[in-house]
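Chain by chain, the residues run as shown.
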Protein chains: 2
Amino acid sequence: MKRTAFFVSDGTGITAEAIGHSLLSQFDKIELQMTTKPYINTVEKAQQLVQQVNEAAEKDGLRPLVFETIVNQEISNTLKQCNGFIINIFSTFLSSLEAELDTKATGSVGKTHSISNSYVDRIDAINFALDNDDGSRTRFYDRADIILIGASRTGKTPSCLYMAMQYGIRAANYPLTEDDLESRKLPEPLRDHKRKLFGLTIDVDRLVAIRNERRSNSKYASYAQCQYEIQEVEALFQRENIPFVNSTHFSVEEIAAKILATQNVTRRF
Amino acid sequence: MKRTAFFVSDGTGITAEAIGHSLLSQFDKIELQMTTKPYINTVEKAQQLVQQVNEAAEKDGLRPLVFETIVNQEISNTLKQCNGFIINIFSTFLSSLEAELDTKATGSVGKTHSISNSYVDRIDAINFALDNDDGSRTRFYDRADIILIGASRTGKTPSCLYMAMQYGIRAANYPLTEDDLESRKLPEPLRDHKRKLFGLTIDVDRLVAIRNERRSNSKYASYAQCQYEIQEVEALFQRENIPFVNSTHFSVEEIAAKILATQNVTRRF
């Protein structure tokens, strides 16, 4: 039997989704149909949603789970009339926070992700990551907060973009090529920035699979080549004392969090 | 008087931060020093954190706020001994969810962001956004889930990357140039994909400011040029019935959520 879960918000729904996913991941036996409902910011929209929840309840034969982060009391109360199991993330904590802070909540919506100074930092950081991707440009490394290095296709670009997007960090990346590895030295453009370097490595099998998707049956994607590169890259990281992480079992969020926990990088937001 | 807020997790800390930020944005008069503590996944790390919380309490003369999403009961109980005001996001809802679902929580950590099928979708989507950025390539538009169009510097690239990263959506983008606008027709590569098009526009003042940062005092960044382009772009959107959003007051999260709410795009996760 499938149950429906709704993530409901008066804003983007990102917070409702994040907490809902986290909680539901603790119940991996339960089959779920998940759906996000952002911008439920009027009583009317809430009334329509009540109908949808009730329809799902009828169809499933089970109360839907409704994770909601609606700030406005009237809209939240409207939603409460549905035939679902409501997890009201906001109001559950808000009154105890009001007591602790001895302050009334403002009741305004969606401040978290609204435009602020961080907007410019973020766009700057994204542009920096794009402009300094894949070793394309090395002369701005003094402006970089961090420089990711590793063999081709080990997750450098997505990690840089994520750090830019989520934290406003200016992250460049430099691919260690076969020439770099044969010299057994740190490439010249990286030498002056040793403290900014962070390495990525990956399991050989995984790298073979990823490279085969790009260029199947090439030398580049061969097991021998991937094994050689990974061996040499890891040896280089160890010789030069560069902190590194194996990206095989981690998402970009996790890689970014690990880098932040290791390196002395200042987040811009 | 400043208060310290800790966002504590046994994983990346992203959920603790998101809900903490949302709640605290309701108290805009309170001055806060915010700090994220990811990977608190051993009792020892929790003990160290208890010390840090207690030091902040002493320094501030106020109990720190501790938003935590730790799954492991022993680690969470260790943290509970600190001299802070604890908002335990997980366990608050977990027991009522267990009752509703009539199932015990598994107690395992960090499933939300762990590697899964969505990993490949996400990397694919990011590569798609990078490869089909800024009109660089138009022949893969039949593979696109969505194509963002608009004048130069209206937020197309960050929005595409965000949709790729957050939802695994394959988003291309195409800049409407002066030539395109003078012809007063939809550019040829877009005509076969009309249902995939979504427009971005922006306030003229904002566009002038952004373009001046890139190329100051150029014709490109002049008020007259920006005004002309925005006018023509919006006229085109209206003439062709292309849904669009003004990005001036929205973050990329908000733009992405609005696109998802308008277009019939399927998220991959």
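Each chain carries its own residue numbering, running from 1 in the written order of its sequence. Here the convention is simple: chains get letters from A, ligands get numbers from 1, in the order in which they are written. Totals for whole chains, interfaces and linings use every residue, but because this is a predicted model, local features are given only for residues with pLDDT of at least 70 and side-chain atom pairs only at 80 or more, for both listing and counting. Values shown for side chains rest on all heavy atoms present in the structure; no hydrogens or waters enter the calculation.

In the annotation of an unreviewed UniProt entry, chain A is listed under the name Putative phosphoenolpyruvate synthase regulatory protein and assigned to Entomomonas asaccharolytica. UniProt positions are given in the numbering used here, feature names are shortened, and annotations may be inferred rather than shown by experiment. For the record of chain A, the UniProt heading Sequence similarities (unreviewed entry) holds the text "Belongs to the pyruvate, phosphate/water dikinase regulatory protein family. PSRP subfamily." Regarding chain A, the UniProt comment filed under Function (unreviewed entry) reads as follows: "Bifunctional serine/threonine kinase and phosphorylase involved in the regulation of the phosphoenolpyruvate synthase (PEPS) by catalyzing its phosphorylation/dephosphorylation."

Visitor: Pulling in residues and values, what's your account of the overall build of chain A?
Guide: A count of helical and extended segments in chain A gives 11 helices and eight strands. For the radius of gyration, the atoms used are the C-alpha atoms, and the globule rule reads 2.2 Å times the number of residues raised to 0.38. Against the globule reference of 18 Å for 269 residues, chain A gives a C-alpha radius of gyration of 24 Å, more extended than a compact globule. For every residue, the accessible area (1.4 Å probe, protein chains only) is compared with the maximum for its type, and the residue is labelled buried under 20%, exposed over 50%, or partly exposed between those bounds. Expressed as a percentage of its 269 residues, the buried residues of chain A come to 53%. Any two residues whose heavy atoms approach within 4.5 Å are treated as being in contact. Counted over contacts in chain A with a minimum sequence separation of 6, partners at least 24 positions apart contribute 71%. Only DSSP runs of H or I with at least four residues qualify as helices, and only runs of E with at least two residues qualify as strands; both kinds are numbered from the N terminus onward.

Visitor: Could you give me a rundown of the UniProt feature "binding site: ADP" (unreviewed entry) in chain A, with the residues and numbers involved?
Guide: Residues and elements named next belong to chain A. Per the UniProt entry, the sites bearing "binding site: ADP" (unreviewed entry) are Gly150, Ala151, Ser152, Arg153, Thr154, Gly155, Lys156 and Thr157 in this numbering. Positionally, Ala151 belongs in the loop between strand 5 (146-150) and helix 6 (156-167). Note on Ala151: relative accessible area 0%, which makes it buried. Setting aside chain neighbours within four positions, we find Ala151 in contact with Lys156, Leu176, Arg211, Glu229 and Val233. By secondary structure assignment, the location of Ser152 is in the loop between strand 5 and helix 6. Those residues in contact with Ser152 that lie beyond four places of it in its chain are Leu207, Arg211, Tyr220 and Glu229.

Visitor: Could you give an account of helix 1 (residues 14-24) of chain B, with specific residues and numbers?
Guide: For helix 1 of chain B, a buried count of 10 out of 11 residues is recorded, marking the element as mostly surrounded by other parts of the structure. For helix 1 of chain B, the set of buried residues is B:Ile14, B:Thr15, B:Ala16, B:Glu17, B:Ala18, B:Ile19, B:Gly20, B:Ser22, B:Leu23 and B:Leu24.

Visitor: Requested: an account of the sheet that holds strand 7 (residues 197-201) of chain B, with residues and values cited.
Guide: Residue and element names in this part refer to chain B. With parallel pairing, the four strands of this open sheet are ordered in space as 6-5-7-8. Among the strands making up the open sheet, the edge pair consists of strand 6 (171-175) and strand 8 (244-246). On average, each strand axis in the sheet is tilted by 25° relative to the strand beside it, whichever way the strands run. Bridge count between strand 5 (residues 146-150) and strand 6: five bridges; the pairing is parallel. Paired with Ile149 across the strands is Tyr174, a residue of strand 6. Strand pairing requires that DSSP identify at least two bridges connecting the strands. Axis geometry follows a simple rule: fit a line to the C-alpha atoms, using only the stretch in contact for helices, then measure angles between N-to-C directions, giving values from 0 to 180 degrees.

Visitor: An account of the interface of chain A and chain B is needed here, citing residue identities and associated values.
Guide: Contacts between chain A and chain B engage 75 residues on the former and 75 residues on the latter. By salt bridge we mean one thing: a side-chain nitrogen of Lys or Arg within 4 Å of a carboxyl oxygen of Asp or Glu. For the pair chain A and chain B, the interface holds 10 salt bridges. Within 3.5 Å is the distance limit for a polar contact, defined as a pair of N or O atoms, with the added protein rule that one can donate a hydrogen and the other accept it, and that residues adjacent in sequence qualify only through two side-chain atoms. At the boundary of chain A with chain B, the tally comes to 18 residue pairs in polar contact (both at pLDDT 80 or more). Elements with a minimum of two residues in the side of chain A that touches chain B: helix 1 (14-24), strand 3 (65-68), strand 4 (85-88), helix 4 (89-101), helix 5 (117-131), helix 6, helix 9 (204-214) and helix 11 (252-262) of chain A. Residue contributions to the side of chain A that touches chain B peak at 10 residues, all from helix 4 of chain A. Under the scheme applied here, ten amino acids are nonpolar (Ala, Val, Leu, Ile, Met, Phe, Trp, Tyr, Cys and Pro), four are charged (Asp, Glu, Lys and Arg), and all others, including Gly, are polar. Of the residues assigned to the side of chain A that touches chain B, the class counts are 32 nonpolar, 24 polar and 19 charged.

Visitor: An account of the pattern of salt bridges is needed here, citing residue identities and associated values.
Guide: All told, the structure shown has 24 salt bridges over all chains when counted by the stated rule. Note that B:Glu100 and A:Arg63 form a salt bridge whose closest N and O atoms lie 2.6 Å from each other. Of this pair, B:Glu100 sits in helix 4 (residues 89-101) while A:Arg63 is found in the loop between helix 2 (43-60) and strand 3, placing the two residues in two different chains. The class for B:Glu100 is buried, based on a relative accessible area of 16%. On the basis of relative accessibility, which here comes to 38%, the residue A:Arg63 falls in the partly exposed class.

Visitor: So what's going on with the environment of B:Val8? Which residues, and what values?
Guide: Residues and elements named next belong to chain B. Residue placement: Val8 occurs in strand 1 (residues 3-8). Placed 71 residues apart in sequence, Val8 and Leu79 show a C-alpha to C-alpha distance of 9.6 Å. Once residues within four sequence positions are removed from consideration, Val8 is found in contact with Ala16, Lys37, Ile40, Leu49, Val66, Phe67, Glu68, Thr69, Ile70 and Leu79.

Visitor: Describe the relation of the copies chain A and chain B, with residues and values.
Guide: Once turned by 180° and shifted 0.0 Å along the axis, chain A lies on chain B with an RMSD of 0.0 Å. The operation mapping one copy onto its partner corresponds to a two-fold rotation axis. A high fraction, 100%, of the interface residues of chain A reappear at the interface in chain B, so the copies pair face to face through one surface. The copies were overlaid with a least-squares fit restricted to C-alpha atoms from residues scoring a pLDDT of at least 70 in each copy.

Visitor: Talk me through the packing of aromatic side chains; I want residue IDs and the actual numbers.
Guide: Classification of ring pairs rests on two measures: the distance between centres of Phe, Tyr or Trp rings, Trp counted by its six-membered ring, which must be within 6.5 Å, and the angle between planes, read as stacked under 30 degrees, edge-to-face over 60 and tilted in between. This structure, assessed with the given rule, holds seven aromatic pairs over all chains. Their ring planes at 85° and their centres at 6.4 Å tell us that B:Tyr162 and B:Tyr167 sit as a pair that is edge-to-face. Either the NZ atom of lysine or the CZ atom of arginine qualifies as a charge over a ring when it sits within 6 Å of the ring centre and within 35 degrees of the ring normal. Its guanidinium or amino end placed over the ring of A:Tyr220, A:Arg211 lies 4.3 Å from that ring's centre, counting from NZ or CZ. Positioned above the aromatic ring of B:Tyr220, the side-chain terminus of B:Arg215 is 4.2 Å from the ring centre.

Visitor: Describe the packing of helix 1 of chain A against helix 4 of chain B, with residues and values.
Guide: Across the interface, helix 1 of chain A lies against helix 4 of chain B with an axial gap of 10 Å and an inter-helix angle of 60°. Relative to helix 4 of chain B, the element helix 1 of chain A lies oblique. Relative to helix 4 of chain B, helix 1 of chain A is oriented so that their crossing is right-handed. For the pair helix 1 of chain A and helix 4 of chain B, contact is made by A:Ile19, A:Ser22 and A:Leu23 and by B:Ile89, B:Phe90, B:Phe93, B:Leu94 and B:Leu97, respectively. Considering only residue class, the contact of helix 1 of chain A with helix 4 of chain B consists of seven nonpolar, one polar and no charged. Here is the rule for angles: anything less than 35 degrees is roughly parallel, anything more than 145 is roughly antiparallel, 65 through 115 is roughly perpendicular, and the remaining ranges are oblique. Note on convention: near helix rotated counterclockwise from far helix by under a right angle means a left-handed crossing. Clockwise means right-handed.

Visitor: Lay out the nonpolar core in plain terms, naming residues and giving numbers.
Guide: Joining through side-chain atoms within 4.5 Å is the link that ties buried Ala, Val, Leu, Ile, Met, Phe, Trp, Tyr and Cys residues into a set, and such a set is a nonpolar core. Residues A:Ile146, A:Met163, B:Ile146 and B:Met163 are the most contacted members of the largest nonpolar core, which totals 48 residues. Ignoring sequence-local partners within four residues, the contact set of B:Met163 consists of B:Ile146, B:Leu148, B:Gly168, B:Ile169, B:Ala171, B:Ala256 and B:Ile259. Ranked by size, the runner-up nonpolar core spans 40 residues in total, among them A:Ile89, B:Ala16, B:Leu32 and B:Ala105.

Visitor: I'd like to hear about the state of the cysteines, residue by residue, with values.
Guide: In what follows, a disulfide is any cysteine sulfur pair within 2.5 Å. Following the criterion strictly, the structure yields zero disulfides over all chains and no others. The closest cysteine sulfur to the non-disulfide-bonded B:Cys160 is located on A:Cys160, 19 Å from its own sulfur.

Visitor: Can you tell me about the packing of helix 6 of chain A against helix 6 (residues 156-167) of chain B, naming the residues and giving the values?
Guide: Axis separation between helix 6 of chain A and helix 6 of chain B bottoms out at 11 Å; the angle between their running directions is 110°. Our classification of the angle between helix 6 of chain A and helix 6 of chain B gives roughly perpendicular. Here helix 6 of chain A and helix 6 of chain B pass one another in a crossing that is left-handed. Contact residues: helix 6 of chain A offers A:Pro158, A:Leu161, A:Tyr162 and A:Met165, while helix 6 of chain B offers B:Pro158, B:Leu161, B:Tyr162 and B:Met165. The residue inventory of the contact of helix 6 of chain A with helix 6 of chain B, partitioned by class, reads eight nonpolar, no polar and no charged.

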